[in-house]
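Here are the chains, one letter per residue:
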Amino acid sequence: MDDEKSPETSAETSSTQSLEKRRLAQETKNERQVWYFLAYFLFGIHFVAFIMIYAVRHAK
C-alpha cells in the first residue's frame with residue numbers, strides 16, 4: 001500500500017513545490033512593479049515641484 005501512495009505523494013509534493021515556486025516568482029514580480037511605480041511616482045512629484053519652483057522664481 002505504501003508503494004502505491006508514494007507516487008501520489010511525490011506527485012502532490014512536486015505539484016505543491018511547483019505551485020509555490022510560481023507563486024513566489026509572481027510575488028517577486030509584483031513587488032518589483034510596486035517599487036518601480038513608487039520610484040516613478042516620487043520622481044514625478046519632484047519633477048513637478050522643481051518646475052513649480054522655477055516658475056515661481058522666474059515670474060514677473
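Right above here is the structure, for reference.
As a starting point, this report considers the structure included with it. None of these values were measured; they are calculated from a predicted model. (Residues numbered from 1 in each chain as written. Predicted model: local features only at pLDDT ≥ 70, side-chain atom pairs only at ≥ 80, totals over all residues. Heavy atoms only, no water.)

1. Quick notes on a nonpolar patch on the surface
Now for step 1: A surface patch of nonpolar side chains, amounting to about 630 Å² of accessible area, comprises W35, F37, L38, F41, L42 and I45.
Now for step 2: Along the chain, the position of I45 falls in helix α1 (residues 2-57).
Now for step 3: Exposure remark for I45: the relative accessible area of 40% places this residue in the partly exposed category. (Patch = residues over 30% accessible without salt bridge, like charges linked within 9 Å, V, L, I, M, F, W, Y side chains within 5 Å. Areas by Shrake-Rupley, 256 points an atom, 1.4 Å probe, with all protein chains shown as cover. Salt bridge = Lys/Arg side-chain N within 4 Å of Asp/Glu carboxyl O. Helix = DSSP H or I, 4+ residues; strand = E, 2+ residues; numbered from the N terminus. Buried < 20%, exposed > 50% of the residue type's maximum accessible area, 1.4 Å probe, protein only.)

2. Focus on the pattern of salt bridges
Now for step 1: Evaluation of the coordinates by the stated rule reveals 2 salt bridges.
Now for step 2: For E20, the salt bridge identified is with R23, shortest N-O distance 2.6 Å. With E20 and R23 both in helix α1 and 3 residues apart, this pair spans about one turn of that helix.
Now for step 3: Linking E27 and R23 is a salt bridge whose minimum nitrogen-to-oxygen distance equals 2.7 Å. You can see E27 and its partner R23 sitting in helix α1, 4 residues apart, about one turn around the helix.
Now for step 4: It is possible to trace a salt-bridge network through shared partners that takes in E20, R23 and E27.

3. Focus: the packing of aromatic side chains
Now for step 1: This model, assessed by the stated rule, comprises 2 aromatic pairs.
Now for step 2: Where F37 meets F41, the ring centres are 6.3 Å apart and the plane angle is 15°; that geometry is what we call stacked. Note that F37 and F41 are positioned in helix α1 at a spacing of 4 residues, about one turn of the helix.
Now for step 3: Between F43 and F47, the aromatic rings sit 6.1 Å apart at their centres with planes inclined by 20°, giving stacked as the arrangement. Residue F43 and its partner F47 are both found in helix α1; the two are separated by 4 residues, about one turn of the helix.
Now for step 4: For F43, a relative accessible area of 58% corresponds to the exposed category.
Now for step 5: F47 sits in the partly exposed class, given a relative accessible area of 49%. (Phe/Tyr/Trp six-rings, centres within 6.5 Å; stacked < 30°, edge-to-face > 60°.)

Nothing here speaks to function; it is all geometry.
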